[in-house]
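# An overview of the molecular structure
Read off the chains here:
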Amino acid sequence: MENVMTVRSRTDSVVFKHSFCIEGIDRPFPPGTYEVVTDEEEIEGLSFLAFRRIATSFRATDSRRARLTTESFDIDPDDLKEALRIDAVA
């Protein structure tokens, strides 16, 4: 019997009220709503269903140009939390 790893993705939205930076990305972003995609894999061998995070991506969409563009950046979720914390107290 072949082992099959189950991976799931969850998409959430985050809102920034001010311009912001995220550690590891070399430019600031304008205020707005952004997508965060979290990929998780199933932890095998347990008597219950559980997942562990394997990747977090931050997606920035730019509609100011003639064509809609989306960039995706791999980020540390703690860096995102810190950017949101700074935005909330600004």
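Residues numbered from 1 in each chain as written. Predicted model: local features only at pLDDT ≥ 70, side-chain atom pairs only at ≥ 80, totals over all residues. Heavy atoms only, no water.

### Considering the environment of Asp 87
- Looking at the secondary structure, you find Asp 87 in helix H1 (residues 77-89).
- Judged by its relative accessible area of 7%, Asp 87 is buried.
- Sequence-wise, Asp 87 and Phe 20 are 67 residues apart; in three dimensions their C-alpha atoms are separated by 7.1 Å.
- Other than its neighbours up to four places away in sequence, Asp 87 contacts Val 15, Phe 16, Lys 17 and His 18. (Helix = DSSP H or I, 4+ residues; strand = E, 2+ residues; numbered from the N terminus. Buried < 20%, exposed > 50% of the residue type's maximum accessible area, 1.4 Å probe, protein only. Contact = heavy atoms within 4.5 Å.)

### Topic: the side chain of Asp 87
- Of the buried charged residues, Asp 87 lacks a salt bridge, with Lys 17 as the closest side chain of opposite charge at 6.4 Å.
- One polar contact links the side chain of Asp 87 to the main-chain amide nitrogen of Lys 17, over a distance of 2.9 Å. (Lys, Arg positive; Asp, Glu negative; His and termini not counted. Salt bridge = Lys/Arg side-chain N within 4 Å of Asp/Glu carboxyl O. Polar contact = N/O pair within 3.5 Å; in protein donor to acceptor, adjacent residues only side chain to side chain.)

### A few points about the nonpolar core
- Counting 14 residues, the largest nonpolar core has Phe 16, Ile 22, Phe 29, Tyr 34, Phe 58 and Leu 80 as the members making the most contacts within it.
- Mapped onto this core, the elements with two or more residues apiece are strand S1 (7-16), strand S2 (32-42), strand S3 (51-62) and H1. (Core = buried A, V, L, I, M, F, W, Y, C linked by side-chain atoms within 4.5 Å.)

### Focus: the pattern of salt bridges
- Tallying each qualifying case throughout the model produces 7 salt bridges.
- Across the pair Arg 10 and Asp 12 runs a salt bridge, and its minimum N-O distance is 3.1 Å.
- A salt bridge links Arg 52 to Glu 41, with the shortest nitrogen-to-oxygen separation between them at 2.9 Å. Placement of Arg 52 in strand S3 and of Glu 41 in strand S2 is noted, with a sequence separation of 11 residues between them.
- By relative accessible area, which is 39% here, Arg 52 ends up partly exposed.
- Relative accessible area serves as the criterion here: at 17%, Glu 41 is assigned to the buried category.
- Salt bridges here are not isolated pairs; linked through shared partners, they connect Arg 8, Arg 10, Asp 12 and Glu 40.

### Brief notes about the packing of aromatic side chains
- For the coordinates displayed, the defined rule picks out 9 aromatic pairs.
- Note on Phe 29 and Phe 58: the rings are 5.3 Å apart at their centroids and 65° apart in plane angle, and the pair reads as edge-to-face. In this pair, Phe 29 is assigned in the loop between S1 and S2 and Phe 58 in strand S3, connecting sequence segments 29 residues apart. The pair Phe 29 / Phe 58 is uniform in exposure class, with both members buried.
- By the ring-pair criterion, three or more aromatic residues cluster together here, those being Phe 16, Phe 20, Phe 29, Tyr 34, Phe 58 and Phe 73.
- For Arg 8, the ring lying beneath its charged end belongs to Phe 51, and the centroid distance is 3.7 Å. (Phe/Tyr/Trp six-rings, centres within 6.5 Å; stacked < 30°, edge-to-face > 60°. Lys NZ or Arg CZ within 6 Å of the ring centre and 35° of its normal.)

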